[in-house]
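Chain residues, written in single-letter form:
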Amino acid sequence: MSLKNTILGITCALACLNPSIAIADNSAQIQQLRQRLEDYELEIQNLQIEMGAYMLTNPKASAAVIASGGGLAGILEQNIDDNTRVILLGLGLIGVNYCLNPDNFQHCNVVATNLTSYGMRLSNYSQQIDRIEREIFLLE
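Let me sum up the structure you'll find in this document. Counting from 1, residues in each chain are numbered in the order their sequence is written. A pLDDT threshold of at least 70 governs which residues receive local features in this predicted model, and a stricter bar of 80 or more applies before side-chain atom pairs are shown or counted, although totals over entire chains, interfaces and linings include all residues. As a rule here, side-chain values cover all heavy atoms of the structure and leave hydrogens and water aside.

## What to know about the state of the cysteines
At step 1: Pairs of cysteine sulfur atoms within 2.5 Å are what we label disulfides. By the definition in use, this model includes 1 disulfide.
At step 2: The disulfide bridge from C99 ends at C108, spanning 2.3 Å between sulfur atoms. Disulfide C99 to C108: torsion about the S-S bond roughly -75°, handedness left-handed.
At step 3: Judged by its relative accessible area of 11%, C99 is buried. Burial classification: accessible surface area is computed with a 1.4 Å probe over protein chains only, and a residue below 20% of its type maximum counts as buried, one above 50% as exposed, and the rest as partly exposed.

## As for the side chain of N104
At step 1: Elements are defined by DSSP. Helices are runs of H or I of four residues or more, strands are runs of E of two residues or more, and each kind is numbered from the N terminus. As for its placement among the helices and strands, N104 is situated in the loop between α4 (82-100) and α5 (105-139).
At step 2: Aside from chain neighbours lying at most four places away, what touches N104 is Y98 and C99. In what follows, a contact means two residues having at least one pair of non-hydrogen atoms within 4.5 Å.

## Quick word on a nonpolar patch on the surface
At step 1: A grouping of I87, L91 and I94 is seen on the molecular surface, where their side chains present a nonpolar patch of about 300 Å² in accessible area.
At step 2: Its place among the elements puts I87 in helix α4.
At step 3: When its relative accessible area of 53% is taken as the criterion, I87 is described as exposed. Surface patches are drawn from residues lacking salt bridges whose relative accessible area is over 30%; two like charges belong together within 9 Å, two nonpolar side chains (Val, Leu, Ile, Met, Phe, Trp, Tyr) within 5 Å. Note on areas: Shrake-Rupley, 1.4 Å probe, and residue coverage restricted to the protein chains presented here. Whenever a carboxyl oxygen of Asp or Glu lies within 4 Å of a side-chain nitrogen of Lys or Arg, that contact is scored as a salt bridge.

## Describing the packing of aromatic side chains
At step 1: A pair of aromatic rings is counted whenever rings of Phe, Tyr or Trp (Trp by its six-membered ring) have centres within 6.5 Å, and the orientation is called stacked for planes under 30 degrees apart, edge-to-face for over 60 and tilted otherwise. Applying the stated criterion to the full structure yields 2 aromatic pairs.
At step 2: When the centroid spacing of 5.7 Å and the interplanar angle of 45° are considered together, the rings of Y40 and Y125 count as tilted. Linking Y40 in helix α2 (residues 19-57) with Y125 in helix α5, this pair joins segments that are 85 residues apart in sequence.
At step 3: A relative accessible area of 21% means that Y40 is categorised as partly exposed.
At step 4: Seen from their ring centres, Y54 and Y118 are 5.9 Å apart, and the 55° between their planes marks the pair as tilted. Remark: Y118 occurs in helix α5 and Y54 occurs in helix α2; sequence separation between them is 64 residues. Of the two residues, Y54 and Y118, both sit in the buried class.

## What about a negative patch on the surface?
At step 1: Counted charges follow a simple rule, with Lys and Arg positive, Asp and Glu negative, and His plus the chain ends left uncounted. By convention, the point assigned to a charge is CZ for Arg, NZ for Lys, CD for Glu and CG for Asp. Together, E38, D39, E41, E43, D130 and E133 give the surface a local cluster of negative charge.
At step 2: Among the secondary structure elements, those contributing two or more residues to the negative patch are α2 and α5.
At step 3: No other element matches α2, which puts 4 residues into the negative patch.
At step 4: For E43, the position within the fold is in helix α2.
At step 5: Owing to a relative accessible area of 37%, E43 belongs among the partly exposed residues under this scheme.

## Focus on the environment of V111
At step 1: Mapped onto the elements, V111 comes out in helix α5.
At step 2: Under the relative-accessibility criterion, V111 is labelled buried at 0%.
At step 3: Distance from V111 to M55, taken between C-alpha atoms, is 8.4 Å for residues 56 residues apart in sequence.

## Considering the nonpolar core
At step 1: Among the nonpolar cores identified, the biggest contains 19 residues, and V65, V111, L115 and I136 are the most heavily contacted of them.
At step 2: When residues of this core are traced back to their parent elements, those giving at least two are α2, α3 (59-76) and α5. To form a nonpolar core, buried Ala, Val, Leu, Ile, Met, Phe, Trp, Tyr and Cys residues must be joined to one another through side-chain atoms within 4.5 Å.

Below is the structure:
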C-alpha cells in the first residue's frame with residue numbers, strides 16, 4: 001500500500017511541476033471515452049436496424065404487441081387527454097385480442113420477449129452513452 005501511495009505522490013508532484021502531463025493524460029482519456037461513445041452509438045444504430053427488420057418479418061404480432069403496450073400505457077399514464085386514452089385503449093384491446101387467439105398466442109409471446117430484449121439492450125446502450133458523456137464533461 002505504501003508503494004502505491006509513493007507512486008501516487010510522485011505522479012501528483014510531477015503533474016504539479018508539469019501540468020501538461022495531466023492535460024495529456026486527460027486528453028488521452030477523453031479520446032478513449034469518445035471512441036467508446038461512438039461504438040455505443042453505432043451499436044444503437046445497428047440494433048435499431050435489426051429490430052426494425054425483425055418487426056418487418058413479424059408484422060402482425062409486432063403491431064399487436066406494441067398496440068397492447070400502448071393500451072396499457074393508456075391505462076397507466078395520467079398525463080394524457082381522454083381522446084388519446086380512448087384511442088390507446090382501443091388499439092390495446094385489438095392487440096390483446098389478436099395475441100389471445102390460440103393460433104397467435106405463442107408467436108406473440110416470442111415476439112414480445114424479443115422486442116423486450118431489444119428495448120432493454122437499447123436502454124442499456126443509452127445509459128452507457130449518458131454515463132460516458134458525463135465523464136467527458138467532467139474531464140473537459
